[in-house]
Amino acid sequence: MALDEVIITEAIASEYFRKFKESLSLDVAIVGGGPSGMTAARKLAQAGCNVALFERKLSLGGGMWGGGMTWNMIVVQTESKHLLEEVGVPLKEYKPGYWVADAVTATTALASAACLAGAKVFNCMSVEDVVLRESNGVKRVTGLVINSSPVEIAGLHVDPVTIASTHVIEATGHAVEVLKKLVRKNSVRLTTASGGIEGEQSLWAEVAEAHTVDNTREVFPGIWVAGMAANATFGSYRMGPIFGGMLLSGEKVAAEILVRLRAG
Ligand code: 48H
Ligand code: FE2
């Protein structure tokens, strides 16, 4: 077959911007492609939502690739193992209740399943701010301010672009980067005890895992916290290389947002 390089370029540009234009007005925008964000993306796409996930790095996966200290195996507990089984990840019960999976298999399977379910993934894209609106004295997050990661890394002064979304999921992990921006730049109060971001505590796996799920919720109108960001926001513990809470958090945030979307 004869090959025309310009057709290759045109195919990429046309299809990329078709996907991007379909993402200008979303039901749900997810920031961060770690285990919580990928699981939320899959569940929301499977339910028919217009959902996009923005990830700063080239690859989705966040902190899941390296297991514990680069030993690339992860552990999940029984309550969460269905979320790996649903995407075809083989699991081994190491001791009763402790299920081990290959970290690379789990990470790639979660990413692939989210894409195949119809979530629109934009890797190499950094979220640098939120869009804020006030109506009748109530402020709400209504979208995201996004930029190309190479622009961010090079420190170039290039202005970002904007997308609108009914709901935003802050799933940026330990750094809680996007919610931090919201709090620092605006006089807003979150639904935390202090009204701000409480910050993460040291390691206590059992409590941290339960809290990750409890803390997964809307923290300010239009923005929800999931995964490690939920614990850092509400001041709970870290858990080390156990990932069940992250997966369950992604499942919970998707289910609660779906209820909200269906209620109109
Ligand atoms: C676009 C961004 C931005 C931005 C960050 O850290 P993650 O894996 O997130 P979680 O919460 O799904 O999973 C946490 C888990 O990996 C973990 O760290 C655990 C269990 N730790 C326990 C412990 O004790 O340490 O992924 C977050 C993703 C990353 O891929 C970032 O690159 C990305 O978000 N990200 N993407 N715009 N502004 N900030
Ligand atoms: Fe971590």
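Conventions we followed
Residues numbered from 1 in each chain as written. Chains lettered and ligands numbered in written order. Predicted model: local features only at pLDDT ≥ 70, side-chain atom pairs only at ≥ 80, totals over all residues. Heavy atoms only, no water. Pairing = 2+ DSSP bridges. Helix = DSSP H or I, 4+ residues; strand = E, 2+ residues; numbered from the N terminus. Axes fitted to C-alpha atoms, helices over the stretch in contact; angles between N-to-C directions. Contact = heavy atoms within 4.5 Å. Near = heavy atom within 4 Å. Polar contact = N/O pair within 3.5 Å; in protein donor to acceptor, adjacent residues only side chain to side chain. Areas by Shrake-Rupley, 256 points an atom, 1.4 Å probe, with all protein chains shown as cover. 1 Å grid on protein atoms, 1.4 Å probe; cavity = no way out; pocket = protein on both sides within 12 Å on 5 of 7 lines; lining within 4 Å. Sits in = over half its atoms within 2 Å of the grid points. Nonpolar A, V, L, I, M, F, W, Y, C, P; charged D, E, K, R; others polar. UniProt positions renumbered as here; feature names shortened; annotations may be inferred. Buried < 20%, exposed > 50% of the residue type's maximum accessible area, 1.4 Å probe, protein only.

## Some thoughts on the sheet that holds strand β4 (residues 92-95)
Stage number 1. Pairing within the open sheet is antiparallel, and its three strands lie in the order β3-β5-β4. In this open sheet, the two strands that pair with only one neighbour each are β3 (73-77) and β4. Taking each pair of neighbouring strands and ignoring which way they run, the sheet shows an average axis angle of 40 degrees.
Stage number 2. As judged from the three bridges shared by β4 and strand β5 (residues 98-102), these two strands associate in the antiparallel manner. Each residue of the ladder has a partner; that of Lys92, found in β5, is Val100.
Stage number 3. Along the sheet face, helix α4 (residues 103-117) touches β3 and β5 and points at about 80 degrees away from the line of β5.

## Some points on the site of ligand 1
Stage number 1. Ser36, Glu55, Gly63, Arg238 and Gly240 are the nearest of the 27 residues found near ligand 1.
Stage number 2. Here a nitrogen atom of ligand 1 sits 3.0 Å away from a polar atom, N or O, in the side chain of Glu177.
Stage number 3. Contact distances for ligand 1 include 2.7 Å between an oxygen atom and a side-chain N or O atom of Arg238.
Stage number 4. A total of 800 Å² of accessible area belongs to ligand 1 in isolation, and the protein chains cover 91% of it.
Stage number 5. When atoms are counted within 2 Å of each cavity's grid points, the one that captures over half of ligand 1 is the largest pocket.
Stage number 6. Elements with a minimum of two residues in the shell around ligand 1: α2 (35-46), β2 (51-55) and β7 (125-135).
Stage number 7. Here the element with the most residues in the shell around ligand 1 is β7; it accounts for three residues.
Stage number 8. The residue inventory of the shell around ligand 1, partitioned by class, reads 10 nonpolar, 12 polar and five charged.

## So, the UniProt feature "binding site: NAD(+)" (unreviewed entry) in the chain
Stage number 1. Mapped onto this structure's residue numbering, the UniProt feature "binding site: NAD(+)" (unreviewed entry) falls at Ser36, Glu55, Arg56, Gly63, Val127, His157, Val158, Asp159 and Met228. These annotated residues cover 193 residues of sequence, and their C-alpha atoms reach 31.4 Å apart at the extremes, leaving them scattered rather than at a single site. Lining the largest pocket, from this annotated set, are Ser36, Glu55, Arg56, Gly63, Val127 and Met228.
Stage number 2. Within the element layout of this structure, Val127 appears in strand β7.
Stage number 3. Taking relative accessible area as the criterion, Val127 reaches 6% and is therefore assigned buried.
Stage number 4. When neighbours within four sequence positions are excluded, Val127 is seen to be in contact with Val31, Phe54, Leu144, Val145, Ile146, Glu177 and Val178.
Stage number 5. Assignment of secondary structure puts Asp159 in the loop between α5 (149-154) and β9 (161-170).

## Notes on the UniProt feature "binding site: Fe cation" (unreviewed entry) in the chain
Stage number 1. Mapped onto the present numbering, the UniProt feature "binding site: Fe cation" (unreviewed entry) falls on Asp159 and His174. For the annotated residues, spread through 16 residues, the largest C-alpha to C-alpha distance comes to 26.3 Å, inconsistent with a single compact locus. Of the annotated set, the members that line the largest pocket are His174.
Stage number 2. Taking relative accessible area as the criterion, Asp159 reaches 59% and is therefore assigned exposed.
Stage number 3. Those residues within four positions of His174 in sequence are excluded, and the remaining contacts are Glu200, Met228, Ala232 and Arg238.

## A closer look at the environment of Thr233
Stage number 1. Looking at where Thr233 falls in the secondary structure, it is placed in helix α8 (residues 228-234).
Stage number 2. Separated by 134 residues in sequence, Thr233 and Trp99 have C-alpha atoms that sit 28 Å apart.
Stage number 3. If sequence neighbours within four positions are ignored, Thr233 has contacts with Val176, Leu179, Leu190, Thr192, Gly196, Ile197, Glu198, Gly199, Val219 and Val225.

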